[in-house]
Amino acid sequence: MTDPIADYLTRLRNAIKASHRIVEIPSSNLKKEITKVLHDKGYIQNYKFEQNGPQGTIKIALKYNPSTKKNAIVSLQRVSTPGLRKYVKHTDLPRVINGLGVAVISTSKGVMTDKEARVEGVGGEVLCYVY
C-alpha cells in the first residue's frame, strides 16, 4: 500500500456511505493521532485501539444525528499525497470553509488542526480536510 492515510480516509468514507456504526482500520501511529483529532473536534463518537497481531486495529464509532440520521462528517479530502507533498508555513495555513471545517496538519509538535497550529505558530504537512 503506497498511501495508508488515503486508505484510512476511504474506509471512513465508505462506512459513512453504507451507514455503518463501527469501522475497523489497520493501525499506525499517524492514524491514531488523526483519530484523536477527529474525536476531539466532534467528528466521531468514540474510538478504541486494539493490539491484536503485529499491527493492531482502530475501531471507530461513527457519529450520526439521531433525528435526521445524517453523519457528522460531510466530506473527507486528502490533500498531501506521497507523489506531491503539500507543506505550508504557519502564515499560510489553510482555512476550510471559512473556519467551519478543519485541516489536519502534521507538525513538528505533533498532529493538530489548522487553528491549533496557528496558535502554536508552526507549519507542516497538510494531511486532509474534514467538514
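Residues numbered from 1 in each chain as written. Predicted model: local features only at pLDDT ≥ 70, side-chain atom pairs only at ≥ 80, totals over all residues. Heavy atoms only, no water.

**Q** Can you explain the pattern of salt bridges? Please cite residues and give values.
**A** In this structure the tally under the stated criterion is ten salt bridges. A salt bridge links Lys36 to Glu33; its shortest N-O distance comes to 3.6 Å. Of this pair, Lys36 and Glu33 both sit in helix H2 (residues 29-40), separated by three residues, roughly a single helical turn. Here Glu125 and Arg85 are joined by a salt bridge, their closest N and O atoms 3.0 Å apart. Of the two residues, Glu125 sits in strand E8 (residues 124-130) while Arg85 sits in the loop between strand E4 (76-78) and strand E5 (87-88), which places them 40 residues apart along the sequence. (Salt bridge = Lys/Arg side-chain N within 4 Å of Asp/Glu carboxyl O. Helix = DSSP H or I, 4+ residues; strand = E, 2+ residues; numbered from the N terminus.)

**Q** So what's going on with helix H1 (residues 4-17)? Which residues, and what values?
**A** Its 14 residues give H1 an end-to-end C-alpha distance of 20 Å, which sits within 8% of 20 Å, the value for a rise of 1.5 Å per residue. Those residues of H1 not exposed but buried are Ile5, Asp7, Tyr8, Leu9, Leu12, Ala15 and Ile16. Buried residues along H1 sit against strand E1 (22-26), H2, strand E3 (57-62), E4 and E8. Remark: Ser19 follows H1 within two positions and exhibits a positive phi of approximately 60°. (Expected span 1.5 Å × (residues − 1). Buried < 20%, exposed > 50% of the residue type's maximum accessible area, 1.4 Å probe, protein only. Contact = heavy atoms within 4.5 Å.)

**Q** Would you mind going over the sheet that holds E3 in detail, with residue names and values included?
**A** Taken together, the three strands give an open sheet; going across it, the order is E1-E3-E2, and neighbouring strands pair in antiparallel fashion. Looking along the sheet, the strands with just one partner apiece sit at the ends: E1 and strand E2 (44-50). Pairs of neighbouring strands in the sheet enclose a mean axial angle of 20°, with direction left out of account. Sheet topology note: the E2/E3 ladder contains six bridges and is antiparallel. (Pairing = 2+ DSSP bridges. Axes fitted to C-alpha atoms, helices over the stretch in contact; angles between N-to-C directions.)

**Q** For the pairing of E3, give the residues involved together with the corresponding values.
**A** With five of six residues buried, E3 is to be regarded as a mostly interior element. Note that E1 and E3 share five bridges and pair antiparallel. Bridge pairing links Ile22 to Ala61 in E3.

**Q** Quick rundown of the nonpolar core? Include the residues and the values.
**A** One finds Leu12, Ile60 and Val130 to be the most contacted residues of the largest nonpolar core, which totals 25 residues. Within the residue set of this core, elements represented by two or more residues are H1, E1, H2, E3, strand E6 (102-107) and E8. Broken down by element, the residue count for this core peaks at six residues, all from H1. Every residue in contact with Ile60, bar those within four places of it in the chain, is listed here: Tyr8, Leu12, Arg21, Ile22, Val23, Ile25, Thr35, Ile44, Asn46 and Tyr47. Grouped together as the second largest cluster of nonpolar side chains are eleven residues, Val79, Val96, Met112 and Tyr129 included. (Core = buried A, V, L, I, M, F, W, Y, C linked by side-chain atoms within 4.5 Å.)

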